[in-house]
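Summary of structural features
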Amino acid sequence: AKGAGRNNYQFFDQRMNQAAARRFALESSLRGALANEEFELHYQPIIDTATRRLHALEVLLRWRRGGRDGGGVLVGPDEFIPILEENGMIVAVGEWVIRSACEQSMAWQALGLAAVPLAINLSARQFMHDGLVASIRRIVGATGIDPSLVEFELTETALMQHGGRTLDILRQINGMGMRLSIDDFGTGYSSLAYLKRFPVRKIKIDRAFVRELEASSEDRAIVAAVMALANSLQLSVVAEGVETEGQYELLRGHGCQFAQGYLFARPLPAAEAARLLVSSVLD
Ligand code: C2E
Ligand code: CA
Ligand code: CA
Ligand code: CA
(Lines give C-alpha, C1' and ligand atoms only; values in the text may rest on other atoms or scores of the structure.)
(Ligands and ions follow the chains in the order given, each with its own letter.)
Protein backbone atom coordinates (compact mmCIF):
# COMPACT_ATOMS: atom_id res chain seq x y z
CA ALA A 1 0.00 0.00 0.00
CA LYS A 2 2.85 2.27 0.86
CA GLY A 3 4.50 1.61 -2.52
CA ALA A 4 1.26 2.34 -4.44
CA GLY A 5 0.86 5.62 -2.60
CA ARG A 6 4.36 6.59 -3.50
CA ASN A 7 3.78 5.75 -7.18
CA ASN A 8 0.63 7.83 -7.22
CA TYR A 9 2.53 10.68 -5.78
CA GLN A 10 5.25 10.40 -8.39
CA PHE A 11 2.66 10.19 -11.16
CA PHE A 12 0.92 13.30 -9.84
CA ASP A 13 4.25 15.04 -9.57
CA GLN A 14 5.10 14.15 -13.17
CA ARG A 15 1.80 15.54 -14.42
CA MET A 16 2.36 18.71 -12.45
CA ASN A 17 5.74 19.06 -14.13
CA GLN A 18 4.18 18.50 -17.55
CA ALA A 19 1.54 21.16 -16.90
CA ALA A 20 4.20 23.56 -15.66
CA ALA A 21 6.42 22.83 -18.67
CA ARG A 22 3.52 23.38 -21.06
CA ARG A 23 2.65 26.63 -19.41
CA PHE A 24 6.25 27.78 -19.52
CA ALA A 25 6.42 26.96 -23.25
CA LEU A 26 3.14 28.81 -23.88
CA GLU A 27 4.33 31.80 -21.92
CA SER A 28 7.63 32.09 -23.77
CA SER A 29 6.03 31.86 -27.21
CA LEU A 30 3.35 34.35 -26.12
CA ARG A 31 6.07 36.90 -25.44
CA GLY A 32 6.77 37.29 -29.13
CA ALA A 33 3.19 36.84 -30.32
CA LEU A 34 2.24 40.50 -30.49
CA ALA A 35 5.40 41.57 -32.36
CA ASN A 36 5.05 38.58 -34.71
CA GLU A 37 1.44 39.52 -35.49
CA GLU A 38 0.14 36.17 -34.33
CA PHE A 39 -3.05 37.52 -32.76
CA GLU A 40 -6.24 37.83 -34.75
CA LEU A 41 -9.82 38.77 -34.05
CA HIS A 42 -12.91 36.71 -34.71
CA TYR A 43 -16.43 38.11 -34.58
CA GLN A 44 -19.56 36.41 -33.27
CA PRO A 45 -23.03 37.73 -34.12
CA ILE A 46 -25.36 38.90 -31.38
CA ILE A 47 -28.85 38.86 -32.82
CA ASP A 48 -32.00 40.80 -32.05
CA THR A 49 -34.64 38.26 -31.03
CA ALA A 50 -37.50 40.42 -32.35
CA THR A 51 -36.20 40.32 -35.93
CA ARG A 52 -33.53 37.60 -35.88
CA ARG A 53 -31.24 40.15 -37.47
CA LEU A 54 -27.71 41.06 -36.59
CA HIS A 55 -27.53 43.50 -33.67
CA ALA A 56 -23.81 43.54 -32.84
CA LEU A 57 -20.62 41.50 -33.12
CA GLU A 58 -18.65 40.28 -30.12
CA VAL A 59 -14.91 40.55 -30.70
CA LEU A 60 -13.09 37.37 -29.64
CA LEU A 61 -9.32 37.08 -29.56
CA ARG A 62 -7.44 34.15 -31.14
CA TRP A 63 -3.76 33.32 -31.15
CA ARG A 64 -2.31 31.82 -34.31
CA ARG A 65 0.64 30.23 -32.55
CA GLY A 66 3.74 29.93 -34.73
CA GLY A 67 2.35 31.62 -37.83
CA ARG A 68 0.26 34.35 -39.33
CA ASP A 69 -2.12 34.71 -42.29
CA GLY A 70 -3.67 31.28 -41.95
CA GLY A 71 -0.56 29.35 -40.80
CA GLY A 72 0.22 27.99 -37.31
CA VAL A 73 -2.25 26.53 -34.82
CA LEU A 74 -5.26 28.47 -33.61
CA VAL A 75 -5.31 28.72 -29.79
CA GLY A 76 -8.42 29.81 -27.87
CA PRO A 77 -8.38 32.57 -25.26
CA ASP A 78 -9.16 30.31 -22.30
CA GLU A 79 -5.69 28.83 -22.79
CA PHE A 80 -3.69 32.03 -22.97
CA ILE A 81 -5.65 34.94 -21.43
CA PRO A 82 -5.00 33.72 -17.87
CA ILE A 83 -1.26 33.74 -18.67
CA LEU A 84 -1.45 37.25 -20.15
CA GLU A 85 -3.39 38.39 -17.08
CA GLU A 86 -0.75 36.97 -14.78
CA ASN A 87 2.30 38.38 -16.54
CA GLY A 88 0.66 41.72 -17.32
CA MET A 89 0.87 41.39 -21.11
CA ILE A 90 -2.93 41.63 -21.22
CA VAL A 91 -2.61 45.42 -21.05
CA ALA A 92 -0.72 45.62 -24.35
CA VAL A 93 -2.66 42.81 -26.00
CA GLY A 94 -5.95 44.27 -24.80
CA GLU A 95 -5.03 47.64 -26.29
CA TRP A 96 -4.18 45.88 -29.56
CA VAL A 97 -7.64 44.25 -29.48
CA ILE A 98 -9.44 47.58 -29.04
CA ARG A 99 -7.38 49.31 -31.75
CA SER A 100 -7.67 46.44 -34.24
CA ALA A 101 -11.42 46.10 -33.70
CA CYS A 102 -11.93 49.84 -34.28
CA GLU A 103 -9.72 49.73 -37.40
CA GLN A 104 -11.71 46.76 -38.71
CA SER A 105 -14.98 48.59 -38.15
CA MET A 106 -13.69 51.63 -40.03
CA ALA A 107 -12.42 49.43 -42.88
CA TRP A 108 -15.83 47.76 -43.17
CA GLN A 109 -17.57 51.12 -43.17
CA ALA A 110 -15.20 52.37 -45.88
CA LEU A 111 -16.38 49.43 -48.00
CA GLY A 112 -19.96 50.57 -47.51
CA LEU A 113 -20.87 47.71 -45.18
CA ALA A 114 -23.40 48.10 -42.36
CA ALA A 115 -22.01 49.88 -39.27
CA VAL A 116 -22.68 47.40 -36.49
CA PRO A 117 -21.67 47.85 -32.84
CA LEU A 118 -18.68 45.83 -31.67
CA ALA A 119 -18.67 44.31 -28.18
CA ILE A 120 -15.11 44.20 -26.84
CA ASN A 121 -14.06 42.22 -23.75
CA LEU A 122 -12.03 43.98 -21.07
CA SER A 123 -10.18 41.83 -18.58
CA ALA A 124 -9.93 42.63 -14.88
CA ARG A 125 -6.27 43.57 -15.02
CA GLN A 126 -6.78 45.72 -18.11
CA PHE A 127 -9.62 47.51 -16.37
CA MET A 128 -7.46 48.15 -13.31
CA HIS A 129 -4.65 49.62 -15.39
CA ASP A 130 -4.36 53.40 -14.99
CA GLY A 131 -3.75 54.04 -18.67
CA LEU A 132 -6.98 52.45 -19.91
CA VAL A 133 -9.13 55.56 -20.39
CA ALA A 134 -6.30 57.49 -22.07
CA SER A 135 -5.59 54.58 -24.38
CA ILE A 136 -9.26 54.30 -25.41
CA ARG A 137 -9.32 58.04 -26.06
CA ARG A 138 -6.20 57.77 -28.23
CA ILE A 139 -7.68 54.91 -30.25
CA VAL A 140 -10.93 56.81 -30.85
CA GLY A 141 -8.92 59.83 -31.99
CA ALA A 142 -6.60 57.84 -34.25
CA THR A 143 -9.21 55.64 -35.92
CA GLY A 144 -12.10 58.10 -36.04
CA ILE A 145 -14.56 55.43 -34.87
CA ASP A 146 -18.00 56.57 -33.76
CA PRO A 147 -17.84 55.75 -30.02
CA SER A 148 -21.48 54.65 -30.01
CA LEU A 149 -20.33 51.66 -32.10
CA VAL A 150 -18.21 50.36 -29.22
CA GLU A 151 -19.48 48.42 -26.22
CA PHE A 152 -17.23 47.06 -23.50
CA GLU A 153 -17.98 43.81 -21.71
CA LEU A 154 -16.79 43.49 -18.12
CA THR A 155 -17.38 40.69 -15.64
CA GLU A 156 -18.80 41.32 -12.21
CA THR A 157 -15.50 40.18 -10.74
CA ALA A 158 -13.55 42.75 -12.76
CA LEU A 159 -15.88 45.52 -11.61
CA MET A 160 -15.57 44.57 -7.98
CA GLN A 161 -11.77 44.51 -7.90
CA HIS A 162 -11.31 48.19 -8.47
CA GLY A 163 -13.00 49.57 -5.36
CA GLY A 164 -13.73 53.28 -5.38
CA ARG A 165 -12.22 53.98 -8.81
CA THR A 166 -14.64 51.71 -10.69
CA LEU A 167 -17.48 54.21 -10.93
CA ASP A 168 -15.10 56.96 -12.00
CA ILE A 169 -13.64 54.89 -14.84
CA LEU A 170 -17.02 53.62 -16.01
CA ARG A 171 -18.29 57.21 -16.10
CA GLN A 172 -15.32 58.33 -18.18
CA ILE A 173 -15.83 55.53 -20.69
CA ASN A 174 -19.55 56.27 -20.74
CA GLY A 175 -18.81 59.98 -21.11
CA MET A 176 -16.95 59.23 -24.35
CA GLY A 177 -20.21 57.73 -25.63
CA MET A 178 -19.33 54.06 -25.25
CA ARG A 179 -21.64 51.53 -23.63
CA LEU A 180 -21.01 48.98 -20.94
CA SER A 181 -22.29 45.43 -20.47
CA ILE A 182 -21.95 43.00 -17.59
CA ASP A 183 -20.50 39.75 -18.93
CA ASP A 184 -21.16 36.25 -17.53
CA PHE A 185 -23.96 37.66 -15.39
CA GLY A 186 -24.87 35.50 -12.42
CA THR A 187 -21.56 33.67 -12.09
CA GLY A 188 -19.56 36.19 -10.10
CA TYR A 189 -20.40 38.68 -7.41
CA SER A 190 -23.27 37.94 -5.06
CA SER A 191 -24.58 41.48 -4.59
CA LEU A 192 -26.75 43.20 -7.17
CA ALA A 193 -26.42 46.67 -5.67
CA TYR A 194 -23.75 47.63 -8.20
CA LEU A 195 -26.32 47.44 -11.02
CA LYS A 196 -27.96 50.53 -9.58
CA ARG A 197 -24.71 52.46 -9.17
CA PHE A 198 -22.92 51.72 -12.42
CA PRO A 199 -23.84 53.17 -15.85
CA VAL A 200 -24.51 49.76 -17.38
CA ARG A 201 -26.85 49.19 -20.32
CA LYS A 202 -26.86 45.45 -20.85
CA ILE A 203 -26.34 42.24 -19.01
CA LYS A 204 -25.24 38.99 -20.59
CA ILE A 205 -26.74 35.87 -19.02
CA ASP A 206 -24.00 33.29 -18.75
CA ARG A 207 -24.16 30.15 -20.86
CA ALA A 208 -24.32 28.12 -17.62
CA PHE A 209 -27.99 29.17 -17.25
CA VAL A 210 -28.86 28.67 -20.92
CA ARG A 211 -27.34 25.24 -21.50
CA GLU A 212 -30.03 23.22 -19.70
CA LEU A 213 -32.87 25.68 -20.08
CA GLU A 214 -35.16 23.16 -21.78
CA ALA A 215 -34.71 20.46 -19.12
CA SER A 216 -34.27 22.54 -15.98
CA SER A 217 -37.14 24.42 -14.36
CA GLU A 218 -34.57 25.94 -11.97
CA ASP A 219 -32.69 27.52 -14.87
CA ARG A 220 -35.96 28.81 -16.31
CA ALA A 221 -36.74 30.37 -12.92
CA ILE A 222 -33.30 32.02 -12.87
CA VAL A 223 -33.78 33.42 -16.38
CA ALA A 224 -37.24 34.72 -15.44
CA ALA A 225 -35.80 36.41 -12.34
CA VAL A 226 -32.94 37.99 -14.31
CA MET A 227 -35.43 39.27 -16.91
CA ALA A 228 -37.64 40.79 -14.20
CA LEU A 229 -34.64 42.45 -12.58
CA ALA A 230 -33.36 43.75 -15.91
CA ASN A 231 -36.77 45.10 -16.90
CA SER A 232 -37.22 46.99 -13.68
CA LEU A 233 -33.74 48.50 -14.02
CA GLN A 234 -34.24 49.15 -17.76
CA LEU A 235 -31.32 47.00 -18.80
CA SER A 236 -31.40 44.90 -21.93
CA VAL A 237 -30.40 41.26 -21.80
CA VAL A 238 -28.24 39.13 -24.06
CA ALA A 239 -28.41 35.35 -23.64
CA GLU A 240 -25.08 33.62 -24.30
CA GLY A 241 -24.47 30.15 -25.65
CA VAL A 242 -27.81 29.66 -27.42
CA GLU A 243 -27.44 26.38 -29.33
CA THR A 244 -30.99 25.13 -29.93
CA GLU A 245 -34.27 26.50 -31.27
CA GLY A 246 -35.87 25.30 -28.02
CA GLN A 247 -33.57 27.50 -25.92
CA TYR A 248 -34.12 30.39 -28.30
CA GLU A 249 -37.93 30.11 -28.09
CA LEU A 250 -37.85 29.94 -24.29
CA LEU A 251 -35.61 33.00 -24.10
CA ARG A 252 -37.82 34.92 -26.50
CA GLY A 253 -40.81 33.88 -24.44
CA HIS A 254 -39.15 35.39 -21.38
CA GLY A 255 -38.67 38.67 -23.25
CA CYS A 256 -34.92 38.37 -23.74
CA GLN A 257 -34.00 40.97 -26.41
CA PHE A 258 -30.71 39.59 -27.70
CA ALA A 259 -29.14 36.18 -28.22
CA GLN A 260 -25.74 34.85 -29.16
CA GLY A 261 -24.64 31.29 -29.83
CA TYR A 262 -23.81 28.51 -32.23
CA LEU A 263 -27.50 28.35 -33.28
CA PHE A 264 -26.87 31.55 -35.23
CA ALA A 265 -23.13 31.51 -35.87
CA ARG A 266 -19.79 30.59 -34.37
CA PRO A 267 -17.14 33.28 -33.97
CA LEU A 268 -16.08 34.09 -37.55
CA PRO A 269 -12.87 35.38 -39.12
CA ALA A 270 -13.18 38.98 -40.37
CA ALA A 271 -13.78 38.04 -44.01
CA GLU A 272 -16.72 35.81 -43.11
CA ALA A 273 -18.14 38.33 -40.65
CA ALA A 274 -18.04 40.93 -43.44
CA ARG A 275 -20.45 38.81 -45.46
CA LEU A 276 -23.01 39.11 -42.65
CA LEU A 277 -22.71 42.88 -42.86
CA VAL A 278 -23.86 42.69 -46.46
CA SER A 279 -26.95 40.58 -45.82
CA SER A 280 -27.31 40.87 -42.01
CA VAL A 281 -30.15 38.33 -41.84
CA LEU A 282 -29.31 35.12 -40.02
CA ASP A 283 -31.06 31.80 -40.04
P1 C2E B 1 -16.96 35.23 -23.14
O2 C2E B 1 -16.71 36.70 -23.16
O3 C2E B 1 -18.02 34.73 -22.23
O4 C2E B 1 -17.22 34.84 -24.66
C5 C2E B 1 -18.15 33.88 -25.08
C6 C2E B 1 -17.47 32.55 -25.31
O7 C2E B 1 -18.48 31.58 -25.56
C8 C2E B 1 -16.59 32.53 -26.56
O9 C2E B 1 -15.51 31.63 -26.30
C10 C2E B 1 -17.51 31.95 -27.60
O11 C2E B 1 -16.82 31.34 -28.68
C12 C2E B 1 -18.25 30.93 -26.79
N13 C2E B 1 -19.56 30.62 -27.35
C14 C2E B 1 -20.39 31.43 -28.03
N15 C2E B 1 -21.53 30.80 -28.37
C16 C2E B 1 -21.43 29.54 -27.88
C17 C2E B 1 -22.31 28.41 -27.91
O18 C2E B 1 -23.41 28.42 -28.46
N19 C2E B 1 -21.85 27.28 -27.29
C20 C2E B 1 -20.63 27.23 -26.68
N21 C2E B 1 -20.27 26.08 -26.12
N22 C2E B 1 -19.79 28.30 -26.63
C23 C2E B 1 -20.19 29.43 -27.23
P24 C2E B 1 -14.01 32.01 -26.65
O25 C2E B 1 -13.95 32.78 -27.92
O26 C2E B 1 -13.21 30.75 -26.52
O27 C2E B 1 -13.62 33.00 -25.48
C28 C2E B 1 -13.53 32.57 -24.16
C29 C2E B 1 -13.36 33.73 -23.21
O30 C2E B 1 -12.10 34.38 -23.43
C31 C2E B 1 -14.39 34.83 -23.41
O32 C2E B 1 -15.60 34.44 -22.78
C33 C2E B 1 -13.70 35.99 -22.75
O34 C2E B 1 -13.85 35.92 -21.34
C35 C2E B 1 -12.25 35.74 -23.09
N36 C2E B 1 -11.86 36.60 -24.23
C37 C2E B 1 -12.03 36.41 -25.56
N38 C2E B 1 -11.51 37.43 -26.27
C39 C2E B 1 -11.02 38.31 -25.37
C40 C2E B 1 -10.36 39.59 -25.46
O41 C2E B 1 -10.15 40.16 -26.54
N42 C2E B 1 -9.99 40.17 -24.28
C43 C2E B 1 -10.24 39.60 -23.07
N44 C2E B 1 -9.84 40.24 -21.97
N45 C2E B 1 -10.87 38.43 -22.94
C46 C2E B 1 -11.26 37.79 -24.07
CA1 CA C 1 -17.81 38.52 -23.49
CA1 CA D 1 -19.71 35.93 -21.52
CA1 CA E 1 -18.50 33.05 -20.41
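- By the naming in an unreviewed UniProt entry, the protein is EAL domain-containing protein, taken from Massilia consociata.

1. A look at the overall build of the protein
- Counting its secondary structure elements, the protein contains twelve helices and ten strands.
- Since a compact globule built from 283 residues should have a radius of gyration of about 19 Å, the 20 Å found for the protein is in line with a globular shape.
- Per-residue burial over the protein gives 46% buried out of 283 residues.
- Relative to all contacts within the protein whose residues are 6 or more apart in sequence, the contacts with residues 24 or more apart total 67%.
- Working note: accessible area of the protein is about 13900 Å², and carbon and sulfur atoms make up 51% of it.
- Taken together, the 30 basic and 33 acidic charged side chains of the protein have centroids lying 3 Å from each other.

2. Some remarks on helix 11 (residues 245–253)
- For helix 11, the full list of buried residues reads Gln 247, Tyr 248 and Leu 251. In a view along the axis of helix 11, the buried residues occupy a sector of 100°, so they form one face of it.
- Packed against the buried residues of helix 11 are strand 1 (39–48), helix 9 (207–210), helix 10 (217–232), strand 8 (236–239) and strand 9 (258–259).

3. A few points about the site of ligand 1
- As a matter of local geometry, ligand 1 sits amid 22 residues, with Gln 44, Arg 62, Asp 183, Glu 243 and Tyr 262 nearest to it.
- In the environment of ligand 1, a nitrogen atom lies 3.1 Å from a nitrogen or oxygen atom belonging to the backbone of Leu 61.
- Surface burial for ligand 1 is 84%, taken as the share of its 800 Å² of free accessible area covered by protein chains.
- For the shell around ligand 1, the secondary structure elements donating two or more residues are strand 2 (53–65), helix 2 (77–87) and strand 6 (179–185).
- No other element matches strand 2, which puts four residues into the shell around ligand 1.
- Of the residues contributing to the shell around ligand 1, the split by class is nine nonpolar, five polar and eight charged.

4. With respect to the side chain of Glu 153
- Here Glu 153 is to be found in strand 5 (residues 150–155).
- Residue Glu 153 is classed as buried on the basis of its relative accessible area, which comes to 2%.
- A polar atom in the side chain of Glu 153 sits 2.7 Å from the side chain of Lys 204.
- Here Glu 153 is in contact with Glu 58, Ala 119, Ile 120, Asn 121, Leu 122, Ser 181, Asp 183 and Lys 204, once residues within four sequence places are set aside.

What counts and how
- Residues numbered from 1 in each chain as written.
- Chains lettered and ligands numbered in written order.
- Predicted model: local features only at pLDDT ≥ 70, side-chain atom pairs only at ≥ 80, totals over all residues.
- Heavy atoms only, no water.
- Helix = DSSP H or I, 4+ residues; strand = E, 2+ residues; numbered from the N terminus.
- Rg over C-alpha atoms; globule rule 2.2 N^0.38 Å.
- Buried < 20%, exposed > 50% of the residue type's maximum accessible area, 1.4 Å probe, protein only.
- Contact = heavy atoms within 4.5 Å.
- Areas by Shrake-Rupley, 256 points an atom, 1.4 Å probe, with all protein chains shown as cover.
- Lys, Arg positive; Asp, Glu negative; His and termini not counted.
- Charge placed at Lys NZ, Arg CZ, Asp CG, Glu CD.
- Arc of directions from axis to C-beta.
- Near = heavy atom within 4 Å.
- Polar contact = N/O pair within 3.5 Å; in protein donor to acceptor, adjacent residues only side chain to side chain.
- Nonpolar A, V, L, I, M, F, W, Y, C, P; charged D, E, K, R; others polar.

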